[in-house]
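Next come the chains, spelled out residue by residue.
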Amino acid sequence: MSQDHIRLHIPGPVEVSPATYEAMAAPMIGHRSKDFQALYAEIQPKLQTLFGTSRPVFLSTSSAWGVMEGSLRNLATKKVLCCCSGAFSDKWVDVAARCGKEAEALQYEWGVPVDPADVDAKLATGEFDVVTFIHNETSTGVMNPLAEIAAVCRKYDDVMLVVDTVSSFSVVPTPTDELGVDVMLTGSQKALALPPGLALFTVSEAAMERAKTVNDRGYYFDFIEFAKNQEKDMTPSTPCIATIYGLRHQLNVIFEEGIEARMGRHERLNETVHEWVKANGFEFFAPEGFRSKSLTCVANNKEIDVAQLVKLMRENHRIALDGGYGKIKGTTFRISNMGDETDETIGNLLAALDDSLAKL
Ligand SMILES: *Cc1c(COP(=O)(O)O)cnc(C)c1O
């Protein structure tokens, strides 16, 4: 890594390892070639294991929002219920409106987890046929109760549950089939520790059937196109092949480490950060029991100068720290432990934080 390298500890994009970059530098291949089909087929079983699904895992050359928007365009015929409790989940309402879909926000204060009973009450009205749900609200560090929300949605046959696991995928189990999730989606630049540009998703049989009946699905995110191309181990259009090389490498890394061991490492490093937060007299923005395992959103109860902290971290330690997202910028800051972080890198990060805090 070069001297100007600023190590990313923001909650996405996260640090990408030199070995991953090296894997990405393999010679280019044609996306309609046998070589690409072999690459696609090689990674499918591992992706299916990680997603907990027997369904295909589709690769979309887009950021996660492409699939988040695409899910609405493929599935919504009635109203969309958007579970809102932070920057990403709030934005989904606006995205639905821009797609010409009617959407209602089930709105919570930022930092408050989504309550399954509220979702149940809303769905009981029969007005909705899609629910959008963000598992890990990266802006607030809240991990919402996925299993409970999925259980509620399973009671309503015509309701499609779309789950964003962008910052929880491969950090905690997200067993798609077992939970009956209709669209499970994630992105490359968070816990998978790849560069941005690739979204990964699965579509249930029921959701695929629904899509067939929906007009104006568009082309780029049309689920039917993904399914047709999948049969030939291909994507609808030219994908970001270099990132897919990186994905193949990272999947090998993940399976060598072991999924459970990897998740255990995330949990342990997250706990290390939590200990630091408590030892330094800070509080957590998320309530106990709903705290993310991939990042920590620290409440600035000590009223430190967060912008200055971010500056010192960058200038003195070559570390990028996040000084809070949107309306909670400055009143919070966020520490990511996702991806390839180790005891050593998190230890270095916390030492740099100690040093920077002392200089405020
Ligand atoms: C980062 C993030 C997104 C946005 O992903 P893009 O790749 O920028 O589209 C969406 N949802 C969550 C929970 C995220 O953390």
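Residues numbered from 1 in each chain as written. Predicted model: local features only at pLDDT ≥ 70, side-chain atom pairs only at ≥ 80, totals over all residues. Heavy atoms only, no water.

**Q** Please explain the packing of helix α10 (residues 241-257) against helix α11 (residues 259-279) as it appears in this structure.
**A** Relative placement of two packed helices is described by the angle separating their axes and the distance separating the axes. One way to put it is that α10 packs onto α11 with a least axis distance of 5 Å and a crossing angle of 90 degrees. Classified by the interaxial angle, the pair formed by α10 and α11 is roughly perpendicular. Between α10 and α11, the residues in contact are Gln250, Val253, Ile254, Phe255 and Glu257 and Ile259, Ala261, Arg262 and Arg265, respectively. (Axes fitted to C-alpha atoms, helices over the stretch in contact; angles between N-to-C directions. Helix = DSSP H or I, 4+ residues; strand = E, 2+ residues; numbered from the N terminus. Parallel < 35°, antiparallel > 145°, perpendicular 65-115°, else oblique. Contact = heavy atoms within 4.5 Å.)

**Q** I'm lost on the nonpolar core in this one. Help?
**A** Taken as a class, soluble globular proteins show a tendency for nonpolar side chains to be buried jointly. The biggest cluster of nonpolar side chains holds 76 residues, and the ones touching the most others in it are Trp92, Leu123, Leu185 and Leu247. Take this core: its biggest share by element is seven residues, from helix α2 (residues 34-51). Within the second largest apolar cluster, 21 residues are counted, among which are Trp276, Phe282, Ile304 and Ala352. (Core = buried A, V, L, I, M, F, W, Y, C linked by side-chain atoms within 4.5 Å. Buried < 20%, exposed > 50% of the residue type's maximum accessible area, 1.4 Å probe, protein only.)

**Q** Could you clarify how one ought to interpret the site of the ligand in this entry?
**A** Lining the immediate environment of the ligand, one finds 13 residues, of which Ser63, Thr138, Asp164, Gln189 and Lys190 sit closest. Glutamine 189 places a polar side-chain atom, nitrogen or oxygen, 2.8 Å from an oxygen atom of the ligand. Lysine 190 is positioned with one of its side-chain polar atoms (N or O) 2.6 Å from an oxygen atom of the ligand. When the free accessible area of the ligand is taken as 380 Å², the share hidden by the protein chains comes to 89%. Looking at the shell around the ligand, the element that brings in the most residues is helix α3 (residues 64-75), giving three residues. In terms of residue class, the shell around the ligand is made up of six nonpolar, five polar and two charged. (Near = heavy atom within 4 Å. Polar contact = N/O pair within 3.5 Å; in protein donor to acceptor, adjacent residues only side chain to side chain. Areas by Shrake-Rupley, 256 points an atom, 1.4 Å probe, with all protein chains shown as cover. Nonpolar A, V, L, I, M, F, W, Y, C, P; charged D, E, K, R; others polar.)

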